[in-house]
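This is what each chain is made of:
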Amino acid sequence: MKILLANPPTSHEHIPENPFLGLLYLASMARTKHDVWITDFDALKYDWPSIETRLTQEDPDVLGLTCTTLTYENMIKICRLAKKTIPRAKIVIGGPHVTAKPEESFKESGADFAVVGEGEIAFTEILENPELPGGIMRGKRIENLDDIPFPSRDLLEPPVNY
């Protein structure tokens, strides 16, 4: 299965790029069984035509998006764009804003899944159960952090250097 994990762009120029560790951990959990890559639309300064082209060219089976409050509107815009350009792809959203406002985020985005809290186990369950009905999934707490692999920084596209 092809999985694209992405960080939406922000319209706030003064905000520095930050490592999006949640996506890096999701990639680490999924990469043993799936073809996973990560794109930071914000750090790479993608414009909207470039985002559309990237989604169409990559044609992932699953699009995973993280978002903060600063990127919420653009996350919704990417979800709507993905529904048009890659309609068969499952869309999974998560991150701090989704965790704070899961029902609103799920409804407004049109995503197939909204993951609340720690997403590593929930995202793996979504990938392993293609017939799983969509909705809001509560992440399960990982008790022993040694049970999860290190973040997949090697999957970041150059020239992103954190």
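What counts and what doesn't
Residues numbered from 1 in each chain as written. Predicted model: local features only at pLDDT ≥ 70, side-chain atom pairs only at ≥ 80, totals over all residues. Heavy atoms only, no water. Helix = DSSP H or I, 4+ residues; strand = E, 2+ residues; numbered from the N terminus. Buried < 20%, exposed > 50% of the residue type's maximum accessible area, 1.4 Å probe, protein only. Contact = heavy atoms within 4.5 Å. Areas by Shrake-Rupley, 256 points an atom, 1.4 Å probe, with all protein chains shown as cover. Pairing = 2+ DSSP bridges. Salt bridge = Lys/Arg side-chain N within 4 Å of Asp/Glu carboxyl O. Polar contact = N/O pair within 3.5 Å; in protein donor to acceptor, adjacent residues only side chain to side chain. Axes fitted to C-alpha atoms, helices over the stretch in contact; angles between N-to-C directions. Parallel < 35°, antiparallel > 145°, perpendicular 65-115°, else oblique. Nonpolar A, V, L, I, M, F, W, Y, C, P; charged D, E, K, R; others polar.

A. How the structure looks around the overall build of the chain. The helix and strand inventory of the chain stands at six helices and six strands. For the chain, the C-alpha atoms occupy an extent of roughly 40 × 30 × 30 Å along the three principal directions. Here the chain, with 162 residues, has 48% of them falling under the buried criterion. Partitioning the contacts of the chain with sequence separation of at least 6, the portion at a separation of at least 24 is 66%. Surface summary for the chain: the accessible area is close to 8400 Å², and the carbon and sulfur share equals 53%.

B. Local environment of the pairing of strand E1 (residues 2–7). Buried residues dominate E1, accounting for five of its six residues. Relative to strand E2 (residues 35–40), E1 runs parallel, the two being bridged by six bridges. Bridging from a neighbouring strand, Asn7 pairs with Asp40 of E2. Across four bridges, E1 lies against strand E3 (residues 62–66) in parallel orientation. Residue pairing for E3: Ile3 is matched across the bridge by Val62.

C. Inspection of the pattern of salt bridges at higher detail. Summed over the entire model, instances satisfying the criterion amount to eight salt bridges. Linking Asp59 and Arg88 is a salt bridge whose minimum nitrogen-to-oxygen distance equals 3.3 Å. Highlighted residues: Asp59 in the loop between helix H2 (48–58) and E3 and Arg88 in the loop between helix H3 (72–85) and strand E4 (90–94), separated in sequence by 29 residues. Shared partners join several salt bridges into a network, and the residues in it are Asp59, Asp61 and Arg88.

D. Structural view of the environment of Tyr46. Relative to the elements of secondary structure, Tyr46 occurs in the loop between E2 and H2. Put simply, Tyr46 and Pro9 are 37 residues apart on the chain and 7.3 Å apart in space, counted from C-alpha to C-alpha. If sequence neighbours within four positions are ignored, Tyr46 has contacts with Thr39, Phe41, Ile51, Arg54 and Glu157. Separated by 2.7 Å, the side chains of Tyr46 and Arg54 make a polar contact.

E. Summary view of the environment of Pro87. Examined against the element boundaries, Pro87 turns out to sit in the loop between H3 and E4. Between the C-alpha atoms of Pro87 and Asp61, which are 26 residues apart in sequence, the distance is 9.6 Å.

F. Region of the structure containing unusual backbone geometry. In this structure, Lys45 takes a positive phi of about 55° despite not being glycine. Although it is not a glycine, Asp59 adopts a positive phi angle of roughly 45°.

G. Just the packing of H3 against helix H5 (residues 102–109), in detail. Running from N to C, H3 and H5 point in directions that differ by 40°, and their axes come no closer than 9 Å. Here H5 runs oblique to H3, going by the angle between their axes. Counting all contacts with H3, which are made through Tyr72, Met75, Ile76, Cys79 and Arg80, the residues of H5 involved are Glu104, Ser105, Glu108 and Ser109. Residues that form the contact of H3 with H5 fall into these classes: four nonpolar, two polar and three charged.

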